[in-house]
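Below are the chains, spelled out letter by letter.
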Amino acid sequence: MNISYAEKIPNNVDLGGDRVLQRALEHWQPEFLKWWADMGPEGSHTADVYLRTAVSVHPSGWAHFDYVKMPDYRWGIFLSPADGERKINFGDHKGEPAWQDVPGEHRANLRRIIVTQGDTEPASVEQQRHLGLTCPSLYDLRNLFQVNVEEGRHLWAMVYLLQRYFGRDGREEAEALLQRRSGDQDNPRILGAFNEKTPDWLAFFMFTYFTDRDGKFQLLALAESGFDPLARTTRFMLMEEAHHMYVGESGVGRIIHRTCEVMAQHKTDDPARLRALGVIDLPTIQRYLNFHFSVTIDLFGADVSSNAATFFSSGLKGRYGETAFTDDHLLRDALYPVLQIVDGHLEMGEAPALNALNEKLRDDYIKDSVAGVGRWNRIIRKSGIPFELTVPHKAFNRKIGPLAGLKVAPDGRVMSDAEWTAKQREWLATDEDRAFVASLMGRVAAAGAYANWISPPALAINKQPNDFEFVRFN
Ligand code: BYC
């Protein structure tokens, strides 16, 4: 079914055929728009932005580019095409037809997963809302706005499921998703990383590289769900998510490229000199990386989790690449390696694989993250600079799970509290680092101009040149 843009809420789920649901969503729509006006990107409300909008869920139609006035963006409900033969591929219900409705006994857990996923989407928009005021170029501003509108759409994706399948509870949850606020003392967002600040563009690019990648892996696990509407909606979200991680990877890459250019030009690796020259020194980039990586790997939950085991056994959340595994997809007897704390030291041990599914997904995530860091290092190597960015040890700076009880250096060495306190300034972005990065953030909003601390992109978006007018102000 194609997406109908004639309707108030564009969709490919035949919303017009379910008047009750349509009315419920049309009731939520103005609340969403009010939240967007209050908490969405500052300074975006009158701009025409060269945005990608889906006109169909097929390869030819999901990335249609045109100028859109931001508040007129058509947030809609798009599910990937159904496969009528789809089965549940894991857990106790393996082999049964995928559910088209919510199985009563799993209702509470399913709602909780959908709410947790949904909560991250508006959270990230709130975290990023001031960044447009300090954009390094119109190209970057456009990318920020693209990411923001799509996170808004991902909220719609989860709200559709809540309102369509969970009745009154679902409507209440949909309202609560617009009431929690990132970083709020009394009513914060659900997961830790989504209450942190994203105060500058280095943080934004690190967030979209690392934290949006958690999104990728969680969505890949949910795309295996036995609850078919969740699987179908997450499959379509994943197509959009890929661009967000690209914004992060290429953004950090362009910052590194510019720094290396200035290092080579002035033959210096002295951070103070480089800062005076207006670029971000590589050790500061490493400290930001350490922060965003460690905060993000906490998002996978505790390494041994009975919730994760229940989600899997009941067919709600699979493993990344579930159908490609050649095991029994039940995991009743399997084991999985997990780090354990023995006499204050870290040792590799084993846990039942069923309970270690958060850890498995975290390991898959880490492998994927490391690959992109390797691509950043290639930029540094190409400039002939002897510096290598590294991903810190899995136990570094953890706040969730048993590893949160230890102080661990980026190289994996367990240390005393006193040693950690003395050293952490070398490893995590300090107030001074953040103040310096903030001092570079000035608005560059002329077509083709780029801030001094970041290189222009090698390739802009949709084959447009770097000096294309990606945002028009009215
Ligand atoms: N912060 O048994 P455990 C994205 C809680 S990102 C705070 O290990 P479980 C995006 C946990 O809730 C993807 N609390 O938990 C990216 C539990 O609480 P209760 C988002 C945390 O349930 C960028 C308790 O600790 N999607 O899309 O196995 C921009 C025990 O923990 C945290 C999902 O996460 C934390 N970091 O696993 C925009 C998928 N971690 O019950 C968007 C849906 C754990 O004791 N969520 N806790 O009150 C899930 O699958 C699971 O909820 C989690 C947690 C994997 C997150």
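Along each chain, the written sequence defines residue order, and numbers are assigned to residues from 1. Local features in a predicted model are, by the rule used here, given only for residues with pLDDT of at least 70; side-chain atom pairs are given and counted only at 80 or more, and totals for whole chains, interfaces and linings are based on all residues. The basis for every side-chain value is the complete set of non-hydrogen atoms in the structure, without hydrogens or water.

K.L.:
How should the site of the ligand be read in this particular structure?
P.N.:
Whether a residue is near a molecule or strand depends on its heavy atoms: it is near if one of them lies within 4 Å of it. Close to the ligand lie 30 residues; Q117, G192, A302, S305 and K317 are nearest. Q117 places a side-chain nitrogen or oxygen 2.7 Å from a nitrogen atom of the ligand. The separation between a nitrogen atom of the ligand and a polar main-chain atom of G192 is 2.9 Å. Lining residues are defined by having an atom within 4 Å of a point belonging to a cavity or pocket. Those points lie on a 1 Å grid over the protein atoms alone, cavities being sets where a 1.4 Å probe fits but cannot get out and pockets being open sets with protein on both sides within 12 Å along at least five of seven lines. By definition, a pocket or cavity contains a molecule when more than half of the molecule's atoms lie within 2 Å of the pocket's grid points. More than half of the atoms belonging to the ligand lie within 2 Å of the grid points that define the largest pocket. Numbering goes from the N terminus for both helices and strands, where a helix is a DSSP run of H or I of at least four residues and a strand is a run of E of at least two. Broken down by secondary-structure element, the contributors of at least two residues to the shell around the ligand are α2 (107–127), α5 (201–222) and α9 (306–313). N or O atoms closer than or at 3.5 Å make up a polar contact, with two conditions inside protein: a donor-capable atom paired with an acceptor-capable one, and, for residues adjacent in sequence, both atoms drawn from side chains.

K.L.:
Explain the layout of surface pockets to me, please; I cannot follow it from the model alone.
P.N.:
The rolling of a water-molecule-sized probe over the atoms marks out the regions of remaining empty space. Quantified by volume, the largest pocket comes out at close to 860 Å³. The set of elements that each furnish at least two residues to the lining of the largest pocket consists of α2, α3 (138–165), α5, α9 and α10 (357–382). As for the second largest pocket, its lining consists of 20 residues, of which G253, R254, H257, I379 and A458 are closest to the centre. The set of elements that each furnish at least two residues to the lining of the second largest pocket consists of α6 (228–266) and α10. Ranked by the residues each element gives to the lining of the second largest pocket, the list is headed by α6, at 8 residues. Under the convention adopted here, Pro, Cys and the residues Ala, Val, Leu, Ile, Met, Phe, Trp and Tyr are nonpolar, Asp, Glu, Lys and Arg are charged, and Gly plus all remaining residues are polar. For the lining of the second largest pocket, the residue count by class is 9 nonpolar, 5 polar and 6 charged. Grid points are joined across faces, edges and corners, and a volume is the space filled by probe spheres set on the points.

K.L.:
Can you walk me through the packing of α6 against α10 in this structure?
P.N.:
Interhelical geometry of α6 versus α10 gives an angle of 20° and a closest axis separation of 9 Å. Taken together, α6 and α10 sit at an angle that is classed as roughly parallel. Judged by the sense of rotation from one axis to the other, the crossing of α6 with α10 is right-handed. When α6 is examined against α10, the residues G248, E249, V252, G253, I256, H257 and C260 are found in contact with a partner set consisting of G372, R375, W376, I379 and I380. Looking at the contact of α6 with α10 residue by residue, the classes come out as 6 nonpolar, 4 polar and 2 charged. Each axis is a line fitted through C-alpha atoms, taken for helices only over the stretch in contact, and angles between the N-to-C directions span 0 to 180 degrees. Orientation is classified from the angle alone, with under 35 degrees giving roughly parallel, over 145 giving roughly antiparallel, 65 to 115 giving roughly perpendicular, and any other angle giving oblique. Helix crossings get a hand from a simple test, with the near helix turned counterclockwise from the far one by less than a right angle marking a left-handed crossing and a clockwise turn marking a right-handed one. Residue contacts are defined here by distance: any two heavy atoms, one from each residue, within 4.5 Å place the two residues in contact.

K.L.:
For this particular structure, what's the right way to read empty space enclosed by the protein?
P.N.:
Under the definition given, this model contains 3 cavities of 30 Å³ or more. Reported here for the largest cavity is a volume of approximately 120 Å³. Contributing to the lining of the largest cavity are 13 residues, with K317, G318, L357, N358 and L361 lying nearest its centre. Elements with a minimum of two residues in the lining of the largest cavity: α9 and α10. Among the elements that make up the lining of the largest cavity, the one with the highest residue count is α10 (5 residues). Partitioning the lining of the largest cavity into residue classes produces 7 nonpolar, 2 polar and 4 charged.

K.L.:
What is the right way to read the sheet that holds strand β2 (residues 64–69) from this model?
P.N.:
Note on sheets: strands pair through backbone hydrogen bonds, and any given pair is parallel or antiparallel. Strands are labelled as partners when DSSP assigns at least two bridges between them. Read from one edge to the other, the open sheet built from 3 strands follows the order β2-β1-β7, with strand pairing classed as antiparallel. In this open sheet, the two strands that pair with only one neighbour each are β2 and β7 (471–472). Pairing of strand β1 (residues 48–53) with β2, which is carried by 6 bridges, proceeds in the antiparallel orientation. Bridged to T53 within β2 is H64. Each of β1, β2 and β7 is contacted by α3, which is oriented at about 50° to β1, the strand it contacts most.

K.L.:
Can you help me understand helix α1 (residues 19–39) in this one?
P.N.:
An α-helix turns once every 3.6 residues. As a result, residues three or four positions apart point the same way. One less than the residue count of a helix, multiplied by 1.5 Å, gives the span that helix is expected to have. With 21 residues, α1 should cover 30 Å at 1.5 Å per step; its first-to-last C-alpha distance of 30 Å lies within 8% of that length. For every residue, the accessible area (1.4 Å probe, protein chains only) is compared with the maximum for its type, and the residue is labelled buried under 20%, exposed over 50%, or partly exposed between those bounds. Residues of α1 that are buried include every one of L21, Q22, A24, L25, W28, Q29, F32, W35, W36 and M39, and no others. Buried residues along α1 sit in contact with α2, α3 and α4 (167–179).

K.L.:
What am I meant to see in the pairing of strand β4 (residues 345–352) here?
P.N.:
The side chains of a regular strand alternate between both faces of the sheet. Relative to β4, strand β3 (residues 335–342) is paired through 8 bridges, and the arrangement is antiparallel. Paired with L339 across the bridge in β4 is M348. In sequence, β3 turns back onto β4 through a hairpin of 2 residues, with D343 there showing a positive phi of about 50°.

K.L.:
Would you take a moment to explain α3 for this structure?
P.N.:
The terminal C-alpha atoms of α3, which comprises 28 residues, lie 41 Å apart, in line with the 40 Å expected from a rise of 1.5 Å per residue. The buried fraction of α3 amounts to 27 of the 28 residues, a majority that puts the element mostly inside the structure. For α3, the capping residue at the N-terminal end is S137, with a side-chain oxygen 3.3 Å from the backbone nitrogen of Y139. Looking at the residues trailing α3, positive phi occurs at G167, about 50°.

K.L.:
What am I meant to see in the pattern of salt bridges here?
P.N.:
Between side chains of opposite charge, a pair can form as their charged atoms come close. Just to be clear on terms, a salt bridge is a Lys or Arg side-chain nitrogen sitting within 4 Å of an Asp or Glu carboxyl oxygen. Scanning the entire structure with this criterion turns up 34 salt bridges. For D140, the salt bridge identified is with R254, shortest N-O distance 2.8 Å. Residue D140 is found in helix α3, and its partner R254 is found in helix α6; the two are separated by 114 residues along the sequence. Take D140 and R254: they sit in the same class, and that class is buried. Here K360 makes a salt bridge to D364, at a shortest N to O gap of 3.2 Å. One end of the pair, K360, and the other, D364, are both in helix α10, 4 residues apart, so they sit about a helical turn from each other. For K360, a relative accessible area of 17% translates into the label buried. The class for D364 is buried, based on a relative accessible area of 11%. A single salt-bridge network, built from bridges that share partners, covers D119, E126, R180, R181 and R189.

Shape is all these values report; function is a separate question.
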